[in-house]
Amino acid sequence: MKKLEERIVRDGKVISQDILKVDSFLNHQIDPVLMKEIGEEFYRLFKDEGITKILTIEASGIAIASFTAMAFHVPFVFAKKAKSLNIDGDVLTSTVKSFTYGKEYTITVAKKFIRPDDRILIVDDFLANGMALNGLTDIVHQAGAVTAGIGICIEKGFQKGGEEIRRKGYHLESLAIIDKMDETGITFRD
């Protein structure tokens, strides 16, 4: 998605060869016009997959999931990073190691929100090593539902996550794939 790539170049900040800050428009402060276009692009890419629900992980994926769900006219669910008192009944859980925070946590979704007849589109802001996606696909599998697609805003193509997810057979679409980034700039994959 050319517009997202242009915005990354203009407003993103390369912190290191592994860390890119896009908090001014994607995952802390949100640009709703860009987010609407991202949701519409995910709709274009996955509209023939019979999507019944969007799934993401808190907190950075929530805005992406919201705009994507509006484009599909379906609900979205987000996995919580800690079991809270307001989740009642049966839950689906999986363990995820965060690349950004360098720690493990258990993600939780109330079982009543993902049914066996659901066709799930998973969306998130970044794909690095694929740990969050492994946890989310595990939750979908536990529910007996189908992961019908995975939509990522920014994939770090120089890390192994995208390759591993594709090798598992998932329909993965990344709107911007970065092959290299450093203090001299960002190189996107064609």
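Keep in mind it's a predicted model, so treat the numbers as computed, not measured. (Residues numbered from 1 in each chain as written. Predicted model: local features only at pLDDT ≥ 70, side-chain atom pairs only at ≥ 80, totals over all residues. Heavy atoms only, no water.)

Looking at this structure, I do not really get the pattern of salt bridges. What am I missing?
The tally for this structure, following the rule as stated, stands at 14 salt bridges. Between D11 and R7 there is a salt bridge; the shortest N-O distance is 2.5 Å. A residue pair is termed a helical-turn pair when its members lie 3 or 4 positions apart in one helix, as D11 and R7 do in helix α1 (residues 2-11) at four residues. By relative accessible area, R7 is classed as buried at 15%. One network of salt bridges, in which partners are shared, links R7, R10, D11 and D31. (Salt bridge = Lys/Arg side-chain N within 4 Å of Asp/Glu carboxyl O. Helix = DSSP H or I, 4+ residues; strand = E, 2+ residues; numbered from the N terminus. Buried < 20%, exposed > 50% of the residue type's maximum accessible area, 1.4 Å probe, protein only.)

Where do I start with the sheet that holds strand β4 (residues 76-79) in this structure?
What links the strands of a sheet is backbone hydrogen bonding, and the strands pair in either a parallel or an antiparallel sense. Taken in spatial order, the six strands make up an open sheet running β4-β3-β7-β8-β9-β10, and their pairing is mixed. The sheet is open, and its two borders are formed by β4 and β10 (185-188), each paired with just one other strand. Each adjacent strand pair in this sheet contributes to an overall mean axis angle of 25°, direction not counted. Sheet strands touched by α1: β8 (146-156), β9 (172-182) and β10. Its angle to β9, the strand with the most contacts, is close to 30°. (Pairing = 2+ DSSP bridges. Axes fitted to C-alpha atoms, helices over the stretch in contact; angles between N-to-C directions. Contact = heavy atoms within 4.5 Å.)

Would you mind going over the environment of V123 with me for this structure?
Take V123: it is sitting in strand β7 (residues 119-127). In contact with V123, not counting residues within four places along its chain, are F42, I54, L55, T56, I64, A65, T68 and G151.

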